[in-house]
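Architecture at a glance
Here is how the chains run, residue by residue.
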Amino acid sequence: MNNRIAVVPGSFDPPTLGHLDVIRRAATLYDQLHVLVVHNPGKEAMLPIAQRLSLLEQSIAESDIGGDVVVAAWSVGLLVDYATDVGAGVLVKGIRSQVDVAYETPMAIVNRHLAHVETVFLLPDPAHALVSSSLVRQVASLGGDVSPFVPGPVARFLDTGVQRS
């Protein structure tokens with residue numbers, strides 16, 4: 001496995017400015033970065049995976065994030081299976097609080113055990129530390145303005161009211 005190839009996994013439902021911040025910073029740290037939309041069976045998705053992929057691609061393009069960034073989806077098998085398939089030796093996770101650390105740490109240990117894939121945690125920009133996709137979904141579903149929390153393509157998409165249909 002190559003420690004110069006990394007994967008940033010997430011549900012990205014929807015992508016937030018915090019996600020973009022992690023992607024931007026990770027893209028400068030690794031030669032190739034896979035932004036991976038994963039299905040989380042513990043959550044009911046607001047947006048279909050194809051829509052999340054499209055919004056991520058648009059948001060990354062509009063944000064002028066440099067480097068070799070691949071946007072993909074994975075819904076069958078373990079995350080480390082995808083990492084192994086693309087030769088990635090690192091998973092990059094954004095963490096906002098101790099709650100995220102407590103949730104992510106056991107997974108990081110198991111992923112290292114299963115496939116010798118390391119996990120790197122990136123702390124958020126303070127401007128995005130309290131924003132989550134769950135919060136954005138709630139605000140959007142009630143007709144609130146989410147533009148301070150999401151990239152332009154996501155704000156424009158959510159503003160159409162599609163998520164309330």
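Residues numbered from 1 in each chain as written. Predicted model: local features only at pLDDT ≥ 70, side-chain atom pairs only at ≥ 80, totals over all residues. Heavy atoms only, no water.

A surface patch of nonpolar side chains, about 260 Å² in accessible area, is lined by Leu-78, Val-110 and Leu-114. With respect to the element layout, Leu-78 can be found in the loop between strand S3 (68-74) and helix H3 (79-86). Judged by its relative accessible area of 46%, Leu-78 falls in the partly exposed class. (Patch = residues over 30% accessible without salt bridge, like charges linked within 9 Å, V, L, I, M, F, W, Y side chains within 5 Å. Areas by Shrake-Rupley, 256 points an atom, 1.4 Å probe, with all protein chains shown as cover. Salt bridge = Lys/Arg side-chain N within 4 Å of Asp/Glu carboxyl O. Helix = DSSP H or I, 4+ residues; strand = E, 2+ residues; numbered from the N terminus. Buried < 20%, exposed > 50% of the residue type's maximum accessible area, 1.4 Å probe, protein only.)

Of all the residues in H3, the buried ones are Leu-79, Val-80, Tyr-82 and Ala-83. All buried residues of H3 lie within an arc of 155 degrees about the axis, which places them on one face of the element. On the buried face of H3, the contacting elements are strand S1 (2-10), strand S2 (32-38), S3, strand S4 (88-94) and helix H4 (98-115). Gly-87 sits one or two positions beyond H3 and adopts a positive phi of about 80 degrees. (Arc of directions from axis to C-beta. Contact = heavy atoms within 4.5 Å.)

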